[in-house]
Amino acid sequence: MGTIEQRRHPRVNVDFFADWGWGPQCEYYDRITSLSVSGCFLNTKRELTAGQEIYLKWTEEITGAISLKGAVRYQLRVMEGAPPTGAGLEFVSV
């Protein structure tokens, strides 16, 4: 990414765990580290591919359970060939 912010909505740094997976049963558990109206960053070492859709679930004290679908927009790696450090997700069908 360049130096100009290209996101449609401002994001906030957060630190909470969410269940996620390729189906509604959400078989994995990883950390979300940033959140906006349109998406989030999922800190995971699992391989994801741009365009894949995944399910996300977490519980928030005020609103209760939140279930969303997200599309992978990019996978972040520290360097080429290294394991992934996470993925940027855009919420879909919200």
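In this text the structure is predicted, and so the values were computed from the model without any measurement. (Residues numbered from 1 in each chain as written. Predicted model: local features only at pLDDT ≥ 70, side-chain atom pairs only at ≥ 80, totals over all residues. Heavy atoms only, no water.)

A.B. asks: Summarise the confidence of the model for the protein; cite the residues concerned and give the values.
C.D. replies: For the protein, per-residue confidence averages 88 on the pLDDT scale, and residues scoring 70 or more make up 93% of the total. For the protein, strand S5 (residues 64-77) is the element with the lowest average pLDDT, namely 92, and strand S2 (residues 28-35) is the one with the highest, namely 96. (pLDDT = per-residue confidence, 0-100. Helix = DSSP H or I, 4+ residues; strand = E, 2+ residues; numbered from the N terminus.)

A.B. asks: So what about unusual backbone geometry? Which residues, and what values?
C.D. replies: A positive phi angle, close to 50°, is found at Cys26, a residue other than glycine. Inspection of the secondary structure puts Cys26 in the loop between strand S1 (12-21) and S2. Under the relative-accessibility criterion, Cys26 is labelled buried at 6%. (Buried < 20%, exposed > 50% of the residue type's maximum accessible area, 1.4 Å probe, protein only.)

A.B. asks: So, the sheet that holds strand S6 (residues 84-92): which residues are in play, and what are the values?
C.D. replies: Paired through their backbone hydrogen bonds, the strands of a sheet run either parallel or antiparallel. Spatial strand order, S1-S2-S3-S6-S5-S4: six strands in a closed barrel with antiparallel pairing. If you compare each strand with its neighbour and ignore which way they point, the axes differ by 45° on average. In this sheet, strand S3 (residues 39-43) lies alongside S2 in antiparallel orientation, the contact comprising four bridges. Considered in S3, the bridge of Leu35 is made with Cys40. (Pairing = 2+ DSSP bridges. Axes fitted to C-alpha atoms, helices over the stretch in contact; angles between N-to-C directions.)

A.B. asks: Explain the pairing of S6 residue by residue, including any values.
C.D. replies: When a strand is regular, its side chains alternate between the sheet's two faces. Burial of S6 is extensive: seven of the nine residues sit out of reach of the surface. Direction of pairing for S3 relative to S6: antiparallel, over a ladder of four bridges. Bridged to Gly39 within S6 is Glu90. One ladder, built from eight bridges, connects S5 with S6; its direction is antiparallel. Pairing of Val72 across the sheet is with Leu89, part of S6. In this structure, the hairpin formed by S5 and S6 is closed by a connection of six residues, where Gly81 is found at a positive phi of approximately 90°.

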